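# Coordinate analysis (summary)
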Amino acid sequence: MSEKPWNGRFSEKTDKLVEAFTSSINVDGRLYAYDIEGSVAHCKMLAKTGIITEAEASSLIRGLDKIKQDIAQGNFQFDDSLEDVHMNIEARLVEEVGAAARKLHTARSRNDQVALDVRMYLRAETLNIITLLAELRQVFVDISKAHIDTVLPGYTHLQRAQPVLLSHHLMAYYEMFSRDSDRFRDALKRINVMPLGAAALAGTTYPIDRHYTAKCLDFPKVSANSIDSVSDRDFIIEFLSSASLCMVHFSRISEELILWSSSEFGFIELSDAFSTGSSIMPQKKNPDVPELVRGKTGTVFGNMIALFTLMKSLPLAYNRDMQEDKKPLFDTVDTLKACIEIYTNMLPNMKINKDIMGRATSSGFLNATDMADYLAVKGMPFREAHSCAGKAVSYALNEKKELHDLSLEELKSFSSLIENDIFSFLTTEQMISRRKSFGGTATENVMAAITAAERLLNGEDS
Ligand code: ARG
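Heads up: these notes are all about the structure in this document.

Of regular secondary structure, the protein chain possesses 19 helices and six strands. What you see for the protein chain is a C-alpha radius of gyration of 31 Å, clearly larger than the 23 Å of a compact globule of 462 residues, by over 25%. Over its C-alpha atoms, taken along the principal directions, the protein chain stretches across nearly 100 × 50 × 40 Å. Accessible area for the protein chain stands at about 22,600 Å²; split by element, carbon and sulfur atoms hold 53% of it.

Dropping the structure here:
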């Protein structure tokens with residue numbers, strides 16, 4: 001049984017139950033590489049400021065590097081009674097380098113140490129997520145480009161509304177994931193702040209150089225207030241909120257892919273490699289991947305709420321409650337990365353049923369707005385034109401026909417302004433090509449959006 005760092009003040013041994021209950025090593029063990037990197041920088045700073053000797057620092061750094069290797073190679077048994085990753089590593093350091101190891105914790109506390117580790121971890125993972133999102137955004141651009149002439153009904157209230165290009169629909173997701181990426185980039189500014197040197201909460205009496213530590217660890221900023229440094233978890237909540245919003249976007253496309261792959265829609269077919277079957281119904285091919293992504297959205301929201309609830313009303317500065325921040329954070333990072341990765345691989349393999357999508361635009365009166373526009377262009381006030389087209393829809397419904405199936409005579413009965421040119425006006429092609437307003441679905445607009453996205457992703461725009 002290992003000796004506790006606080007044993008000086010205590011006369012009784014920690015109860016086994018308490019050891020098990022308070023230990024976080026199963027969760028925070030994965031921070032080991034950041035913990036060691038942070039300790040190495042701390043050593044360098046202690047030597048530079050003369051708090052320890054150069055010889056002590058190099059022996060500590062040698063020991064820390066050895067421990068890092070041992071953990072990476074699986075030659076390190078984490079011990080529950082040592083509570084967390086910080087104390088496990090420090091205890092091993094004593095074995096590696098002897099008494100000098102006891103100097104590592106000079107001018108530092110686990111309170112600022114854990115804040116540093118989590119910030120380093122989250123900085124790396126946020127950058128990974130931004131890179132993964134760029135790959136996913138590229139997939140949306142590639143599919144949009146390859147399917148530039150595919151049309152489908154655009155929906156409002158899940159009722160067919162007006163025809164749009166599939167590319168326009170997919171580029172809407174490109175926009176969402178681009179905003180997500182921007183949000184992570186912005187959150188990074190507040191993650192990338194160096195807290196070490198705050199010590200327990202009040203700073204330290206040693207002549208430390210926090211800016212030097214920050215430089216060693218590539219932090220552009222040093223936290224300004226020692227109390228805030230050890231008690232701030234805003235940066236985690238901000239990350240979890242951005243992740244939740246990103247999952248909202250995933251859940252929306254998941255819902256669409258699930259609907260679109262049903263027999264009722266038939267718009268797409270997910271590849272066999274990204275679908276699963278049923279153990280009882282031989283005909284089934286299920287969209288489990290989008291369903292699970294949709295389901296995992298709930299877990300990611302839950303993790304965000306967990307952190308909000310954890311931090312609500314906590315008095316300054318550090319409280320042990322805060323140890324509970326890591327499980328939800330790690331879970332969200334893992335889940336989000338997995339969702340981005342699976343979508344990046346699934347989408348290019350999905351079959352797009354262009355004919356079925358196209359056919360769906362020619363029924364359901366998707367051209368009723370355009371009939372009203374036609375009359376308005378010919379001089380009828382839009383409100384009147386709307387009502388006139390509405391009457392035509394009602395008539396056609398009774399006749400079990402579409403507007404474009406009515407004869408010129410039938411159409412003329414609604415307005416004498418109607419001429420033969422109405423038929424081309426009401427085709428899907430024209431309905432799309434006329435929507436040239438900025439951000440509209442006309443092919444040239446969508447092509448321009450695709451080109452702009454390509455330039456941005458290639459870095460030509462920054
Ligand atoms: N394992 C702790 C955490 O994750 C490290 C900080 C412990 N600090 C303390 N005063 N007990 O928050």
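So, on to the packing of helix α10 (residues 234–260) against helix α11 (residues 288–311). One way to put it is that α10 packs onto α11 with a least axis distance of 8 Å and a crossing angle of 160°. As summarised for this structure, α10 and α11 are arranged roughly antiparallel, according to the angle between their axes. Between α10 and α11 lies a crossing of left-handed hand. A breakdown of the residues in the contact of α10 with α11 according to their chemical character gives 17 nonpolar, six polar and four charged.

Taken as a whole, this structure holds 13 aromatic pairs when the rule is applied. Look at Phe-76 and Phe-78: their rings are 5.1 Å apart centre to centre, the planes differ by 55°, and that puts the pair in the tilted class. On the basis of relative accessibility, which here comes to 11%, the residue Phe-76 falls in the buried class. By the ring-pair criterion, three or more aromatic residues cluster together here, those being Phe-140, Tyr-173, Phe-177, Phe-250 and Tyr-343. Between Arg-30 and the ring centre of Phe-330, over which it is positioned, the NZ or CZ distance is 4.5 Å. Residue placement shows Arg-434 over the ring face of Phe-425; its charged tip is 3.4 Å from the ring centre.

Let us look at the nonpolar core. Phe-250 and Leu-329 are the most contacted members of the largest nonpolar core, which has 83 residues in total. Of all the elements, helix α6 (residues 110–146) adds the most residues to this core, at 15 residues. Those residues within four positions of Leu-329 in sequence are excluded, and the remaining contacts are Val-118, Tyr-121, Leu-122, Ile-236, Phe-239 and Leu-240.

This part is about the site of the ligand. Close to the ligand lie Ser-24, Asp-84, His-86, Arg-110, Asn-111, Val-114, Tyr-318, Gln-323 and Lys-326, which account for all nearby residues. One of the side-chain nitrogen or oxygen atoms of Gln-323 is found 2.8 Å away from a nitrogen atom of the ligand. At 2.6 Å from an oxygen atom of the ligand is found a side-chain nitrogen or oxygen belonging to Lys-326. For the shell around the ligand, a count of residues per class yields two nonpolar, four polar and three charged.

Positionally, Asn-303 belongs in helix α11. Within polar-contact distance, the side chain of Asn-303 engages the side chain of Thr-332 at 2.9 Å. Once residues within four sequence positions are removed from consideration, Asn-303 is found in contact with Leu-240, Pro-328, Asp-331 and Thr-332.

Between Leu-316 and Ala-317 the backbone carries a cis peptide bond, its omega angle lying at 0°. Mapped onto the fold, Ala-317 is located in the loop between α11 and α12 (326–346). Phi angles above zero are rare outside glycine, and His-157 is one such case at about 60°. With respect to the element layout, His-157 can be found in the loop between β1 (151–156) and β2 (159–165).

Here we come to the pairing of β2. Across six bridges, the pairing between β1 and β2 is antiparallel. In the sheet register, Tyr-155 faces β2, and the bridge partner there is Arg-160. Turn length for the β1-β2 hairpin, with the two strands adjacent in sequence and antiparallel, is two residues, and the turn residue His-157 shows positive phi of about 60°.

As a further point, take the pattern of salt bridges. Evaluation of the coordinates by the stated rule reveals 28 salt bridges. In this structure, Lys-103 engages Glu-56 in a salt bridge whose closest nitrogen and oxygen atoms are separated by 2.8 Å. With Lys-103 in the loop between α5 (85–97) and α6 and Glu-56 in helix α4 (residues 54–72), this pair connects stretches of sequence that are 47 residues apart. The salt bridge partner of Arg-320 is Glu-83, with a shortest N-O separation of 3.1 Å. On the criterion of sequence distance, the pair formed by Arg-320 in the loop between α11 and α12 and Glu-83 in the loop between α4 and α5 is long-range, its members being 237 residues apart. Three or more residues are tied together by salt bridges with common partners; here these are Lys-66, Asp-70, Arg-92 and Glu-96.

Every disulfide links exactly two cysteines, by a covalent bond between their sulfur atoms. Tallying each qualifying case throughout the model produces zero disulfides. Not part of a disulfide, Cys-216 finds its nearest cysteine sulfur in Cys-43, a span of 11 Å. Here Cys-339 is not disulfide-linked; the sulfur of Cys-246 is the nearest cysteine sulfur, at 8.6 Å. Among the residues examined, Cys-339 registers a relative accessible area of 2% and is labelled buried.

Looking now at a nonpolar patch on the surface. A surface patch of nonpolar side chains, about 280 Å² in accessible area, is lined by Leu-201, Ile-227 and Leu-316. On the accessibility criterion, Leu-316 (69% relative accessible area) is exposed.

Reading the values: rules and limits
Residues numbered from 1 in each chain as written. Predicted model: local features only at pLDDT ≥ 70, side-chain atom pairs only at ≥ 80, totals over all residues. Heavy atoms only, no water. Helix = DSSP H or I, 4+ residues; strand = E, 2+ residues; numbered from the N terminus. Rg over C-alpha atoms; globule rule 2.2 N^0.38 Å. Areas by Shrake-Rupley, 256 points an atom, 1.4 Å probe, with all protein chains shown as cover. Axes fitted to C-alpha atoms, helices over the stretch in contact; angles between N-to-C directions. Parallel < 35°, antiparallel > 145°, perpendicular 65-115°, else oblique. Left-handed = near helix turned anticlockwise from the far one by under 90°. Nonpolar A, V, L, I, M, F, W, Y, C, P; charged D, E, K, R; others polar. Phe/Tyr/Trp six-rings, centres within 6.5 Å; stacked < 30°, edge-to-face > 60°. Buried < 20%, exposed > 50% of the residue type's maximum accessible area, 1.4 Å probe, protein only. Lys NZ or Arg CZ within 6 Å of the ring centre and 35° of its normal. Core = buried A, V, L, I, M, F, W, Y, C linked by side-chain atoms within 4.5 Å. Contact = heavy atoms within 4.5 Å. Near = heavy atom within 4 Å. Polar contact = N/O pair within 3.5 Å; in protein donor to acceptor, adjacent residues only side chain to side chain. Pairing = 2+ DSSP bridges. Salt bridge = Lys/Arg side-chain N within 4 Å of Asp/Glu carboxyl O. Disulfide = S-S within 2.5 Å. Patch = residues over 30% accessible without salt bridge, like charges linked within 9 Å, V, L, I, M, F, W, Y side chains within 5 Å.

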